[in-house]
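Here's the letter readout for the chains.
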Amino acid sequence: MTVQSAAPRPAPPRTPAARSGGGPGRTSAARRIASWLRGGLVQALLTVVALIWLTPTAGLFVSSLRDTDDTSASGWWTGLLHPGSLGFGNYTAILGDSSITQAFWNTVLISVPATAAVVVLAALAGYAFAWLEFPGRDWVFLVVVGMLVVPVQIGLVPVARLFGAVGLFGTTAGVVLFHVAYGLPFAIFLLRNYFAEIPREMLEAARMDGGTEWTIFRRLVLPVGRPAIASLAIFQFLWVWNDMLVALIFADSGAQPLTVALQSQMRQFGSNIDVLAPGAFLSLIVPLAVFFAFQRHFVEGVMAGSVK
């Protein structure tokens, strides 16, 4: 009687951890690190860091509620011990100042068009550089990337002469054009790289269905790229809103934004804290409101960019 040898059993499939060289020890270590990061000690440490980070903003707000005599006599933290001495008289006075209110609206008239123009032009150019074929596309894109290393200070004098020759120097339109010109290279670079990650099959399917390039851009690319576009809009708005160098050079007294108006107040009156503190806090409120309004899209754009 012959004895048949048993057939060898197939080897069990390797798990992802085994294929990547990991094991139970590495997995348990990762879990321990994750649980430690979610622990109360880390949360308490992050809360302390956040409070320290927000302390200057809180001090600015409390100082804007105090009068000049109290601010000169003691630190801002003493106002928390005497809440009855705080009031909104400084805000009433600064909102009644026509130069400050006009500077606030000038900031809006500069920031909104500069942000909208950069987002629209960069989205169109980013799609063209990513998915359209035209002669010299790569060379033109290299020129755009090279413009990222050009400092703003280099273009101040030549652009000022150009604007003076065409009648744009000292106007709101001149400040907007300067911000658009120097904001486009980074915006085009950002959106082009984001749009290039869109699967080619999606665009080919849209073209096979008879969609034109404009239809594909409007109905497919823009919705997919909404997180990146929102992140770009937030960054551009914050850059333009907080700018003082460009506006200080290219805007005259009738077109100066809030940053230049507050700087002129400091130059004329020295420690005029009853004007500077509420003015600076009003200048801070609008960027915070814009950021929190688009916070969800901003986080989506950052996370999508980190994954890609």
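Look up: the structure comes first, before these words.
Attention here is on the structure that accompanies the text. Since the model is a prediction, treat every value here as computed from it, not as a measurement.

Taken as a whole, helix H8 (residues 137-146) has its buried residues at Arg137, Phe141 and Val144. Burial along H8 is one-sided: seen end-on, the buried residues are contained in an arc of 55°. Turned more than 90 degrees away from the buried face of H8 sit Trp139, Leu142 and Val143, all of them exposed.

Let us look at the packing of aromatic side chains. For any two aromatic rings, the description comes down to two numbers: the centre-to-centre distance and the angle of the planes. Under the definition given, this model contains 17 aromatic pairs. Between the aromatic rings of Phe163 and Phe250, the centroid separation amounts to 5.7 Å while the plane-to-plane angle is 70°, which identifies the pairing as edge-to-face. Of the two residues, Phe163 sits in helix H9 (residues 156-166) while Phe250 sits in helix H14 (residues 245-250), which places them 87 residues apart along the sequence. We note that Phe163, like Phe250, is buried. Taken together, the aromatic side chains of Phe163, Phe169, Phe178, Tyr182 and Phe250 make up a single cluster linked through ring pairs.

Now for a nonpolar patch on the surface. The grouping of Val143, Met147, Leu148, Val149, Val150, Ile154, Phe186, Phe235 and Trp239 at the surface amounts to a nonpolar patch, some 830 Å² of accessible area in total. Along the chain, Val149 falls in the loop between H8 and H9. Since its relative accessible area comes to 68%, Val149 is described here as exposed.

Moving on, we come to the side chain of Arg66. Within the fold, Arg66 resides in the loop between helix H3 (40-64) and helix H4 (68-73). Here the side chain of Arg66 touches Ser74 through a polar contact of 2.9 Å, side chain to side chain. With sequence-adjacent residues up to four places away left out, Arg66 is seen in contact with Thr71, Ser74, Gly75, Trp76, Thr78, Gly79, Leu86 and Asn90.

So, how was this worked out
Residues numbered from 1 in each chain as written. Predicted model: local features only at pLDDT ≥ 70, side-chain atom pairs only at ≥ 80, totals over all residues. Heavy atoms only, no water. Buried < 20%, exposed > 50% of the residue type's maximum accessible area, 1.4 Å probe, protein only. Helix = DSSP H or I, 4+ residues; strand = E, 2+ residues; numbered from the N terminus. Arc of directions from axis to C-beta. Phe/Tyr/Trp six-rings, centres within 6.5 Å; stacked < 30°, edge-to-face > 60°. Patch = residues over 30% accessible without salt bridge, like charges linked within 9 Å, V, L, I, M, F, W, Y side chains within 5 Å. Areas by Shrake-Rupley, 256 points an atom, 1.4 Å probe, with all protein chains shown as cover. Salt bridge = Lys/Arg side-chain N within 4 Å of Asp/Glu carboxyl O. Polar contact = N/O pair within 3.5 Å; in protein donor to acceptor, adjacent residues only side chain to side chain. Contact = heavy atoms within 4.5 Å.

Such coordinate-based values are descriptive only and should not be taken to indicate function.
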